[in-house]
Amino acid sequence: MKHYYQPEIETAPREEILKIQNEKIVKQVRYVYDHVAYYRNLMDKKGVTPEDIRSVDDIKKLPFLTKDDLREAYPYGLLGTDLKNCVRIHSTSGTTGKRVVAFYTQKDIDMWEECCARAIVAAGGSDEDVCQVCYGYGLFTGGSGLHGGSHKVGCLTLPMSSGNTDRQIQFMMDMQATILCCTPSYAAYIGESLAERGYSPEDNKLKAGIFGAEPWTEEMRAEIEKSLGIKAYDIYGLTETSGPGVAFECEEQTGMHINEDHFYAEIIDPDTGEVLPEGEKGELVFTSLDKEGFPLLRYRTKDICILSREKCSCGRTFVKMTKPLGRSDDMMIIRGVNVFPSQIETVLLKEGYTPNYQIVVDRKNNTDTFDIYVEFSKDMFSDKVSDMQKREQALKAAMRSMLGIGPKIHLVAPKTIQRSEGKAVRVIDKRKLH
Ligand code: ADP
Ligand code: ZN
(Lines give C-alpha, C1' and ligand atoms only; values in the text may rest on other atoms or scores of the structure.)
(Ligands and ions follow the chains in the order given, each with its own letter.)
Protein backbone atom coordinates (compact mmCIF):
# COMPACT_ATOMS: atom_id res chain seq x y z
CA MET A 1 0.00 0.00 0.00
CA LYS A 2 1.20 3.49 -0.84
CA HIS A 3 1.45 6.15 1.82
CA TYR A 4 1.19 9.88 1.60
CA TYR A 5 1.01 12.54 4.27
CA GLN A 6 -1.59 14.59 2.37
CA PRO A 7 -2.83 12.25 -0.37
CA GLU A 8 -5.53 14.60 -1.67
CA ILE A 9 -2.94 17.14 -2.76
CA GLU A 10 0.13 14.92 -3.33
CA THR A 11 -1.74 12.82 -5.88
CA ALA A 12 -4.12 15.48 -7.20
CA PRO A 13 -4.67 15.64 -10.96
CA ARG A 14 -2.42 18.13 -12.68
CA GLU A 15 -5.32 20.49 -13.50
CA GLU A 16 -6.26 20.68 -9.87
CA ILE A 17 -2.75 21.63 -8.80
CA LEU A 18 -2.65 24.23 -11.54
CA LYS A 19 -5.94 25.65 -10.35
CA ILE A 20 -4.60 25.97 -6.81
CA GLN A 21 -1.43 27.61 -8.09
CA ASN A 22 -3.35 30.06 -10.25
CA GLU A 23 -5.57 31.10 -7.39
CA LYS A 24 -2.66 31.46 -5.00
CA ILE A 25 -0.36 33.45 -7.29
CA VAL A 26 -2.92 36.19 -7.93
CA LYS A 27 -3.41 36.68 -4.20
CA GLN A 28 0.29 36.34 -3.39
CA VAL A 29 1.50 38.93 -5.88
CA ARG A 30 -1.08 41.39 -4.57
CA TYR A 31 0.05 40.59 -1.01
CA VAL A 32 3.72 41.14 -1.81
CA TYR A 33 3.02 44.32 -3.77
CA ASP A 34 1.08 45.75 -0.85
CA HIS A 35 3.47 44.66 1.90
CA VAL A 36 7.01 44.57 0.50
CA ALA A 37 8.15 48.01 -0.66
CA TYR A 38 11.43 46.62 -2.00
CA TYR A 39 9.68 44.25 -4.39
CA ARG A 40 6.99 46.81 -5.23
CA ASN A 41 9.80 49.06 -6.48
CA LEU A 42 11.21 46.27 -8.62
CA MET A 43 7.78 45.65 -10.11
CA ASP A 44 7.19 49.34 -10.71
CA LYS A 45 10.56 49.63 -12.41
CA LYS A 46 9.69 46.73 -14.67
CA GLY A 47 6.24 48.19 -15.33
CA VAL A 48 4.37 45.18 -13.95
CA THR A 49 1.29 45.58 -11.80
CA PRO A 50 -0.49 42.97 -9.69
CA GLU A 51 -3.35 43.09 -12.23
CA ASP A 52 -0.97 41.74 -14.88
CA ILE A 53 -0.61 38.48 -12.97
CA ARG A 54 -3.66 36.31 -13.62
CA SER A 55 -2.14 32.87 -13.60
CA VAL A 56 1.21 31.14 -13.14
CA ASP A 57 1.86 31.70 -16.85
CA ASP A 58 2.28 35.39 -16.01
CA ILE A 59 4.98 34.76 -13.39
CA LYS A 60 7.59 35.22 -16.11
CA LYS A 61 6.63 38.92 -16.24
CA LEU A 62 7.80 39.44 -12.66
CA PRO A 63 11.29 40.63 -11.71
CA PHE A 64 13.81 38.20 -10.23
CA LEU A 65 15.22 38.30 -6.72
CA THR A 66 18.79 37.26 -5.97
CA LYS A 67 21.05 36.92 -2.96
CA ASP A 68 22.26 40.45 -3.75
CA ASP A 69 18.74 41.75 -3.23
CA LEU A 70 18.63 39.92 0.06
CA ARG A 71 21.83 41.62 1.10
CA GLU A 72 20.62 45.03 0.03
CA ALA A 73 17.31 44.62 1.78
CA TYR A 74 18.89 43.16 4.95
CA PRO A 75 17.47 42.72 7.49
CA TYR A 76 13.82 43.76 7.17
CA GLY A 77 13.45 44.95 3.57
CA LEU A 78 11.77 41.80 2.26
CA LEU A 79 9.64 41.17 5.31
CA GLY A 80 6.03 40.49 4.29
CA THR A 81 4.26 41.24 7.53
CA ASP A 82 4.69 43.02 10.87
CA LEU A 83 7.47 41.55 12.95
CA LYS A 84 4.95 40.94 15.69
CA ASN A 85 3.27 38.39 13.42
CA CYS A 86 6.54 36.49 13.00
CA VAL A 87 7.50 33.76 15.41
CA ARG A 88 10.97 32.70 14.26
CA ILE A 89 13.98 33.45 12.12
CA HIS A 90 16.47 31.16 10.45
CA SER A 91 19.68 32.17 8.82
CA THR A 92 22.31 30.97 6.40
CA SER A 93 25.41 32.36 4.71
CA GLY A 94 25.12 35.42 2.53
CA THR A 95 27.59 36.43 -0.14
CA THR A 96 29.78 38.79 1.86
CA GLY A 97 29.39 39.25 5.54
CA LYS A 98 25.68 39.84 5.69
CA ARG A 99 23.81 36.68 6.34
CA VAL A 100 20.48 35.69 4.81
CA VAL A 101 17.82 36.05 7.47
CA ALA A 102 14.39 34.59 6.77
CA PHE A 103 11.27 35.30 8.84
CA TYR A 104 8.45 32.87 9.57
CA THR A 105 4.91 33.31 10.80
CA GLN A 106 3.27 30.35 12.54
CA LYS A 107 1.46 29.58 9.28
CA ASP A 108 4.79 29.53 7.43
CA ILE A 109 6.24 27.13 9.99
CA ASP A 110 3.21 24.83 9.70
CA MET A 111 3.47 24.80 5.91
CA TRP A 112 7.20 24.06 6.06
CA GLU A 113 6.78 21.29 8.62
CA GLU A 114 4.03 19.75 6.51
CA CYS A 115 6.40 19.68 3.55
CA CYS A 116 8.95 17.86 5.72
CA ALA A 117 6.23 15.51 6.96
CA ARG A 118 5.45 14.64 3.33
CA ALA A 119 9.12 13.76 2.88
CA ILE A 120 9.18 11.55 5.98
CA VAL A 121 6.02 9.68 4.95
CA ALA A 122 7.41 9.27 1.42
CA ALA A 123 10.43 7.59 3.02
CA GLY A 124 8.07 5.14 4.72
CA GLY A 125 7.66 7.03 8.00
CA SER A 126 4.62 6.78 10.28
CA ASP A 127 3.76 7.23 13.96
CA GLU A 128 5.37 3.82 14.57
CA ASP A 129 8.79 5.25 13.74
CA VAL A 130 11.65 6.60 15.81
CA CYS A 131 13.16 9.49 13.89
CA GLN A 132 16.69 10.55 14.76
CA VAL A 133 17.34 14.11 13.62
CA CYS A 134 21.03 14.89 13.46
CA TYR A 135 20.94 17.89 11.21
CA GLY A 136 22.21 20.94 13.06
CA TYR A 137 19.62 22.72 15.18
CA GLY A 138 19.71 26.46 15.74
CA LEU A 139 19.82 29.13 13.05
CA PHE A 140 20.37 26.44 10.43
CA THR A 141 17.08 25.16 8.95
CA GLY A 142 17.93 21.45 8.78
CA GLY A 143 17.29 20.45 12.40
CA SER A 144 14.09 22.44 12.97
CA GLY A 145 12.53 21.48 9.64
CA LEU A 146 12.85 17.72 9.95
CA HIS A 147 12.13 17.94 13.67
CA GLY A 148 8.82 19.67 12.97
CA GLY A 149 8.00 17.23 10.19
CA SER A 150 8.74 14.29 12.45
CA HIS A 151 6.34 15.67 15.08
CA LYS A 152 3.61 16.17 12.50
CA VAL A 153 3.95 12.55 11.36
CA GLY A 154 3.87 11.45 15.00
CA CYS A 155 7.26 9.75 15.03
CA LEU A 156 9.10 9.51 18.31
CA THR A 157 11.59 12.28 17.63
CA LEU A 158 15.21 12.19 18.81
CA PRO A 159 16.39 15.82 18.62
CA MET A 160 20.10 15.01 18.50
CA SER A 161 21.49 17.90 16.43
CA SER A 162 24.81 17.23 14.71
CA GLY A 163 28.07 15.90 16.12
CA ASN A 164 29.01 13.71 19.09
CA THR A 165 28.98 10.52 17.08
CA ASP A 166 29.33 8.26 20.13
CA ARG A 167 26.14 9.66 21.56
CA GLN A 168 24.39 9.43 18.18
CA ILE A 169 25.25 5.74 17.99
CA GLN A 170 24.23 5.06 21.56
CA PHE A 171 20.79 6.61 21.03
CA MET A 172 20.41 4.98 17.63
CA MET A 173 20.94 1.58 19.19
CA ASP A 174 19.24 2.03 22.57
CA MET A 175 16.19 3.91 21.26
CA GLN A 176 16.02 1.71 18.15
CA ALA A 177 15.90 4.57 15.67
CA THR A 178 14.24 3.63 12.38
CA ILE A 179 14.70 6.83 10.37
CA LEU A 180 17.86 8.89 10.23
CA CYS A 181 17.91 12.55 9.10
CA CYS A 182 21.24 14.29 8.50
CA THR A 183 23.61 15.41 5.76
CA PRO A 184 24.74 12.58 3.47
CA SER A 185 28.36 13.07 4.58
CA TYR A 186 27.39 12.62 8.18
CA ALA A 187 25.32 9.56 7.30
CA ALA A 188 28.36 8.04 5.60
CA TYR A 189 30.48 8.89 8.61
CA ILE A 190 27.99 7.29 11.00
CA GLY A 191 28.03 4.21 8.76
CA GLU A 192 31.79 3.99 9.03
CA SER A 193 31.77 4.62 12.75
CA LEU A 194 29.29 1.79 13.26
CA ALA A 195 31.53 -0.59 11.35
CA GLU A 196 34.56 0.54 13.35
CA ARG A 197 32.71 -0.31 16.53
CA GLY A 198 32.06 -3.80 15.20
CA TYR A 199 28.40 -3.37 14.23
CA SER A 200 27.13 -4.84 11.00
CA PRO A 201 24.28 -3.17 9.08
CA GLU A 202 21.75 -5.69 10.45
CA ASP A 203 22.49 -4.65 14.01
CA ASN A 204 20.63 -1.37 13.74
CA LYS A 205 16.86 -0.92 13.31
CA LEU A 206 17.16 1.84 10.72
CA LYS A 207 15.10 1.41 7.56
CA ALA A 208 15.38 4.79 5.88
CA GLY A 209 17.42 7.96 5.83
CA ILE A 210 16.50 11.45 4.65
CA PHE A 211 19.63 13.20 3.54
CA GLY A 212 20.21 16.60 1.98
CA ALA A 213 21.55 20.14 2.40
CA GLU A 214 24.59 19.35 0.25
CA PRO A 215 25.33 17.65 -3.07
CA TRP A 216 25.86 13.89 -3.06
CA THR A 217 26.32 11.33 -5.78
CA GLU A 218 24.59 8.05 -6.61
CA GLU A 219 27.82 6.26 -5.60
CA MET A 220 27.62 7.86 -2.21
CA ARG A 221 23.96 6.85 -1.95
CA ALA A 222 24.89 3.22 -2.65
CA GLU A 223 27.63 3.33 -0.05
CA ILE A 224 25.36 4.78 2.63
CA GLU A 225 22.57 2.33 1.86
CA LYS A 226 24.98 -0.56 2.21
CA SER A 227 26.77 0.57 5.34
CA LEU A 228 23.57 1.39 7.23
CA GLY A 229 21.31 -1.22 5.67
CA ILE A 230 18.70 1.37 4.66
CA LYS A 231 17.06 3.09 1.72
CA ALA A 232 18.45 6.62 1.36
CA TYR A 233 16.17 9.47 0.23
CA ASP A 234 17.23 12.88 -0.99
CA ILE A 235 15.65 16.10 0.29
CA TYR A 236 16.18 19.62 -1.02
CA GLY A 237 15.51 23.10 0.17
CA LEU A 238 16.97 26.48 0.99
CA THR A 239 16.51 28.97 3.77
CA GLU A 240 15.15 31.63 1.42
CA THR A 241 12.14 29.48 0.54
CA SER A 242 11.75 27.92 4.03
CA GLY A 243 14.35 25.16 4.42
CA PRO A 244 14.55 21.45 3.60
CA GLY A 245 11.35 19.94 2.23
CA VAL A 246 10.80 22.22 -0.76
CA ALA A 247 11.36 18.99 -2.71
CA PHE A 248 11.66 15.38 -1.55
CA GLU A 249 12.32 11.99 -2.99
CA CYS A 250 9.86 9.09 -3.16
CA GLU A 251 10.62 5.37 -3.34
CA GLU A 252 11.38 5.61 -7.04
CA GLN A 253 14.57 7.58 -6.21
CA THR A 254 14.69 9.32 -9.57
CA GLY A 255 14.48 12.93 -8.56
CA MET A 256 12.65 14.99 -5.98
CA HIS A 257 8.97 15.97 -6.10
CA ILE A 258 8.56 19.71 -5.63
CA ASN A 259 5.76 20.70 -3.26
CA GLU A 260 4.02 22.58 -6.02
CA ASP A 261 1.03 23.69 -4.01
CA HIS A 262 3.45 25.95 -2.10
CA PHE A 263 6.36 26.54 -4.49
CA TYR A 264 6.19 27.32 -8.18
CA ALA A 265 9.35 26.26 -10.02
CA GLU A 266 10.82 27.63 -13.24
CA ILE A 267 14.04 26.78 -15.06
CA ILE A 268 15.81 29.73 -16.62
CA ASP A 269 18.88 30.35 -18.70
CA PRO A 270 21.29 31.72 -16.06
CA ASP A 271 22.82 34.15 -18.54
CA THR A 272 19.75 35.62 -20.22
CA GLY A 273 17.12 35.00 -17.55
CA GLU A 274 14.82 33.51 -20.16
CA VAL A 275 12.47 30.72 -19.10
CA LEU A 276 13.53 27.44 -20.69
CA PRO A 277 11.18 24.77 -22.01
CA GLU A 278 10.46 21.79 -19.84
CA GLY A 279 13.21 19.19 -19.74
CA GLU A 280 16.04 21.64 -20.32
CA LYS A 281 18.86 22.17 -17.91
CA GLY A 282 19.13 25.57 -16.26
CA GLU A 283 18.87 27.58 -13.08
CA LEU A 284 16.03 26.79 -10.72
CA VAL A 285 13.83 29.72 -9.72
CA PHE A 286 11.20 29.53 -6.98
CA THR A 287 8.14 31.58 -6.26
CA SER A 288 6.58 30.90 -2.89
CA LEU A 289 2.83 30.83 -3.35
CA ASP A 290 1.64 31.35 0.18
CA LYS A 291 4.40 32.46 2.51
CA GLU A 292 3.69 35.43 4.77
CA GLY A 293 6.89 36.28 6.66
CA PHE A 294 9.42 36.12 3.84
CA PRO A 295 7.39 35.85 0.66
CA LEU A 296 10.00 35.72 -2.10
CA LEU A 297 8.82 35.83 -5.71
CA ARG A 298 11.05 34.49 -8.51
CA TYR A 299 14.02 33.80 -6.28
CA ARG A 300 17.07 32.63 -8.22
CA THR A 301 18.53 29.66 -6.37
CA LYS A 302 21.67 29.44 -8.55
CA ASP A 303 21.18 25.66 -8.45
CA ILE A 304 21.36 24.10 -11.90
CA CYS A 305 18.89 21.29 -12.53
CA ILE A 306 16.24 19.81 -14.82
CA LEU A 307 12.50 19.46 -14.19
CA SER A 308 10.50 16.47 -15.32
CA ARG A 309 6.78 15.81 -15.49
CA GLU A 310 7.10 12.16 -16.36
CA LYS A 311 4.57 10.04 -14.55
CA CYS A 312 5.99 8.69 -11.30
CA SER A 313 5.20 5.18 -10.09
CA CYS A 314 4.67 6.48 -6.55
CA GLY A 315 1.42 8.12 -7.63
CA ARG A 316 2.50 11.64 -6.77
CA THR A 317 1.75 14.20 -9.43
CA PHE A 318 4.14 16.94 -8.34
CA VAL A 319 6.83 17.84 -10.87
CA LYS A 320 10.26 16.34 -10.15
CA MET A 321 13.64 18.05 -10.08
CA THR A 322 16.95 16.32 -10.55
CA LYS A 323 19.56 16.59 -7.85
CA PRO A 324 21.27 19.95 -8.30
CA LEU A 325 23.84 19.31 -11.04
CA GLY A 326 25.99 22.29 -10.19
CA ARG A 327 25.78 25.98 -9.32
CA SER A 328 25.72 29.06 -11.49
CA ASP A 329 27.71 30.98 -8.87
CA ASP A 330 30.82 30.17 -6.86
CA MET A 331 29.10 29.01 -3.69
CA MET A 332 30.61 25.89 -2.18
CA ILE A 333 28.92 23.68 0.33
CA ILE A 334 31.47 22.48 2.84
CA ARG A 335 30.30 20.12 5.57
CA GLY A 336 26.77 21.21 4.80
CA VAL A 337 27.57 24.91 5.24
CA ASN A 338 27.37 27.45 2.41
CA VAL A 339 30.70 29.15 1.81
CA PHE A 340 31.49 31.91 -0.68
CA PRO A 341 35.09 32.71 -1.64
CA SER A 342 34.20 36.39 -1.20
CA GLN A 343 33.53 35.81 2.49
CA ILE A 344 37.00 34.32 2.90
CA GLU A 345 38.57 37.25 1.13
CA THR A 346 36.70 39.71 3.33
CA VAL A 347 38.09 38.06 6.47
CA LEU A 348 41.63 37.95 5.10
CA LEU A 349 41.63 41.64 4.27
CA LYS A 350 40.08 42.56 7.60
CA GLU A 351 42.78 40.59 9.41
CA GLY A 352 45.52 42.41 7.53
CA TYR A 353 46.45 39.77 4.93
CA THR A 354 46.92 40.34 1.21
CA PRO A 355 44.44 38.70 -1.13
CA ASN A 356 46.99 36.06 -2.14
CA TYR A 357 45.33 32.88 -1.06
CA GLN A 358 44.08 29.55 -2.24
CA ILE A 359 41.20 27.48 -0.93
CA VAL A 360 41.51 23.71 -1.22
CA VAL A 361 38.49 21.52 -0.59
CA ASP A 362 38.52 17.75 -0.72
CA ARG A 363 36.55 14.85 0.67
CA LYS A 364 38.43 12.27 2.70
CA ASN A 365 36.68 9.42 4.48
CA ASN A 366 33.37 11.04 3.59
CA THR A 367 34.22 14.22 5.43
CA ASP A 368 35.03 17.48 3.69
CA THR A 369 38.49 18.87 4.28
CA PHE A 370 38.85 22.63 4.06
CA ASP A 371 42.28 24.27 3.84
CA ILE A 372 43.22 27.87 3.21
CA TYR A 373 46.74 28.74 2.12
CA VAL A 374 47.53 32.39 2.59
CA GLU A 375 50.71 34.40 2.33
CA PHE A 376 51.87 36.25 5.41
CA SER A 377 53.45 39.64 4.84
CA LYS A 378 57.07 40.33 5.78
CA ASP A 379 56.21 42.30 8.90
CA MET A 380 54.09 39.40 10.20
CA PHE A 381 56.97 37.00 10.07
CA SER A 382 58.40 35.65 13.27
CA ASP A 383 61.00 32.94 13.57
CA LYS A 384 59.20 31.65 16.62
CA VAL A 385 56.98 28.78 15.47
CA SER A 386 54.53 29.45 18.29
CA ASP A 387 53.96 33.01 17.05
CA MET A 388 53.05 31.77 13.61
CA GLN A 389 50.80 29.10 15.09
CA LYS A 390 49.05 31.77 17.13
CA ARG A 391 48.45 33.75 13.95
CA GLU A 392 46.99 30.70 12.25
CA GLN A 393 44.72 30.05 15.20
CA ALA A 394 43.55 33.66 15.24
CA LEU A 395 42.78 33.59 11.53
CA LYS A 396 40.97 30.29 11.88
CA ALA A 397 38.80 31.78 14.64
CA ALA A 398 37.99 34.82 12.48
CA MET A 399 37.03 32.49 9.61
CA ARG A 400 34.89 30.38 11.89
CA SER A 401 33.02 33.40 13.12
CA MET A 402 32.27 34.53 9.56
CA LEU A 403 31.61 31.14 7.96
CA GLY A 404 30.35 28.95 10.76
CA ILE A 405 33.06 26.38 10.10
CA GLY A 406 36.79 26.53 10.75
CA PRO A 407 39.25 25.87 7.92
CA LYS A 408 42.79 24.67 8.48
CA ILE A 409 45.00 27.69 7.92
CA HIS A 410 48.43 27.40 6.35
CA LEU A 411 50.49 30.58 6.46
CA VAL A 412 52.99 30.48 3.64
CA ALA A 413 55.88 32.75 2.67
CA PRO A 414 55.25 35.85 0.55
CA LYS A 415 55.16 35.22 -3.22
CA THR A 416 54.76 31.45 -2.90
CA ILE A 417 51.18 31.23 -4.09
CA GLN A 418 51.19 31.04 -7.83
CA ARG A 419 50.20 34.29 -9.52
CA SER A 420 47.89 34.04 -12.43
CA GLU A 421 47.89 36.08 -15.58
CA GLY A 422 44.22 35.59 -16.12
CA LYS A 423 41.55 34.92 -13.55
CA ALA A 424 43.16 33.80 -10.32
CA VAL A 425 42.41 30.23 -9.34
CA ARG A 426 41.25 30.79 -5.82
CA VAL A 427 39.38 27.57 -5.28
CA ILE A 428 40.56 24.05 -5.89
CA ASP A 429 37.67 21.71 -5.24
CA LYS A 430 38.87 18.14 -5.59
CA ARG A 431 35.57 16.55 -4.57
CA LYS A 432 33.65 14.83 -7.31
CA LEU A 433 30.15 15.81 -6.36
CA HIS A 434 28.23 15.83 -9.59
P1 ADP B 1 20.16 23.92 3.67
O2 ADP B 1 19.90 23.98 5.11
O3 ADP B 1 19.15 23.07 2.94
O4 ADP B 1 21.56 23.61 3.29
P5 ADP B 1 20.79 26.57 2.82
O6 ADP B 1 19.86 27.69 2.55
O7 ADP B 1 21.87 26.76 3.81
O8 ADP B 1 19.84 25.39 3.19
O9 ADP B 1 21.47 26.07 1.47
C10 ADP B 1 20.69 25.81 0.34
C11 ADP B 1 21.53 25.23 -0.74
O12 ADP B 1 22.02 23.96 -0.35
C13 ADP B 1 20.76 24.97 -2.00
O14 ADP B 1 20.62 26.12 -2.79
C15 ADP B 1 21.58 23.87 -2.66
O16 ADP B 1 22.67 24.42 -3.37
C17 ADP B 1 22.12 23.10 -1.48
N18 ADP B 1 21.30 21.90 -1.24
C19 ADP B 1 20.27 21.76 -0.40
N20 ADP B 1 19.78 20.50 -0.47
C21 ADP B 1 20.51 19.84 -1.39
C22 ADP B 1 20.50 18.52 -1.94
N23 ADP B 1 19.63 17.60 -1.53
N24 ADP B 1 21.41 18.20 -2.89
C25 ADP B 1 22.30 19.13 -3.32
N26 ADP B 1 22.37 20.38 -2.85
C27 ADP B 1 21.49 20.74 -1.89
ZN1 ZN C 1 7.40 9.70 -7.01
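None of the values given here were measured: they were computed from a predicted structure.

Calculation notes
Residues numbered from 1 in each chain as written. Chains lettered and ligands numbered in written order. Predicted model: local features only at pLDDT ≥ 70, side-chain atom pairs only at ≥ 80, totals over all residues. Heavy atoms only, no water. Donors = N, O, S within 2.8 Å, 3.2 Å for Na, K, Ca; no water. Buried < 20%, exposed > 50% of the residue type's maximum accessible area, 1.4 Å probe, protein only. 1 Å grid on protein atoms, 1.4 Å probe; cavity = no way out; pocket = protein on both sides within 12 Å on 5 of 7 lines; lining within 4 Å. Points joined across faces, edges and corners; volume = space filled by probe spheres on them. Nonpolar A, V, L, I, M, F, W, Y, C, P; charged D, E, K, R; others polar. Helix = DSSP H or I, 4+ residues; strand = E, 2+ residues; numbered from the N terminus. Arc of directions from axis to C-beta. Domains from an automatic or database assignment. Contact = heavy atoms within 4.5 Å. Buried area = accessible area lost by both parts, 1.4 Å probe. Salt bridge = Lys/Arg side-chain N within 4 Å of Asp/Glu carboxyl O. Polar contact = N/O pair within 3.5 Å; in protein donor to acceptor, adjacent residues only side chain to side chain. Pairing = 2+ DSSP bridges.

Quick notes on the coordination of the zinc ion (ligand 2)
Then, in step 1: Within the protein, the zinc ion (ligand 2) binds to C250 (SG), H257 (NE2), C312 (SG) and C314 (SG); these donor distances fall in the range 2.1 to 2.3 Å.
Then, in step 2: The motif formed by the donor residues of the zinc ion (ligand 2), counted along the single chain, is C-x6-H-x54-C-x1-C.
Then, in step 3: With relative accessibility at 0%, the residue H257 sits in the buried group.

Quick word on empty space enclosed by the protein
Then, in step 1: Taken as a whole and assessed by the stated rule, the structure comprises two cavities of 30 Å³ or more.
Then, in step 2: In this structure, the largest cavity is lined by L70, A73, Y74, P75, G77, L78, R99, V100, V101 and F294.
Then, in step 3: Class assignment for the residues of the lining of the largest cavity results in eight nonpolar, one polar and one charged.
Then, in step 4: Here the second largest cavity is characterised by a volume of approximately 30 Å³.
Then, in step 5: Residue lining of the second largest cavity: V32, V36, Y39, L65, L78, P295, L296 and L297, and that is the complete set.
Then, in step 6: Residues of the lining of the second largest cavity, tallied by class, amount to eight nonpolar, no polar and no charged.

Details of helix α3 (residues 37–46)
Then, in step 1: Turning to α3, its buried residues are Y38, Y39, L42 and M43. For α3, the buried positions fall inside an angular range of 135° around the axis, keeping them on one side.
Then, in step 2: At the C-terminal side of α3, G47 shows a positive phi close to 70°.

Things to note about the layout of surface pockets
Then, in step 1: Empty space within the second largest pocket amounts to approximately 390 Å³.
Then, in step 2: In this structure, the second largest pocket is lined by 21 residues; those nearest its centre are Y264, A265, E266, V275 and E278.
Then, in step 3: Sorting the residues of the lining of the second largest pocket by element identifies α2 (14–35) and β10 (263–268) as the ones contributing at least two each.
Then, in step 4: Per element, the largest residue contribution to the lining of the second largest pocket is four residues, and it comes from β10.
Then, in step 5: For the lining of the second largest pocket, the per-class residue count stands at 11 nonpolar, two polar and eight charged.

Things to note about the domain arrangement of the protein chain
Then, in step 1: Split by domain assignment, the protein chain resolves into domain 1 (7–329) and domain 2 (333–429).
Then, in step 2: The gap between the C-alpha centroids of domain 1 and domain 2 is 31 Å.
Then, in step 3: Each partner contributes to the interface: domain 1 provides 20 residues, whereas domain 2 provides 15 residues.
Then, in step 4: Contact between domain 1 and domain 2 buries roughly 1,300 Å² in total, counting both sides, with carbon and sulfur atoms accounting for 46%.
Then, in step 5: Taken together, domain 1 and domain 2 are joined by one salt bridge.
Then, in step 6: Residue E214 pairs with R363 through a salt bridge whose shortest N-O separation is 3.8 Å.
Then, in step 7: For the pair domain 1 and domain 2, the number of links is four residue pairs in polar contact (both at pLDDT 80 or more).
Then, in step 8: At the level of elements, α8 (184–196) and α9 (218–228) are the ones that each hand at least two residues to the side of domain 1 that touches domain 2.
Then, in step 9: Residue contributions to the side of domain 1 that touches domain 2 peak at four residues, all from α8.
Then, in step 10: Of the residues in the side of domain 1 that touches domain 2, the class split is six nonpolar, eight polar and six charged.

Here's the deal with the sheet that holds strand β11 (residues 282–288)
Then, in step 1: Overall, antiparallel pairing links the four strands, which are arranged β10-β11-β12-β15 in an open sheet. Each edge of the open sheet is held by one strand with a lone partner, namely β10 and β15 (326–327).
Then, in step 2: The pairing of β11 with strand β12 (residues 299–305) spans four bridges and is antiparallel. Its bridge partner being in β12, F286 is matched across the sheet by Y299.

A word on the side chain of S55
Then, in step 1: As for its placement among the helices and strands, S55 is situated in the loop between α3 and α4 (67–72).
Then, in step 2: Not counting the four nearest positions on each side in its chain, S55 is found in contact with N22, I25 and V26.

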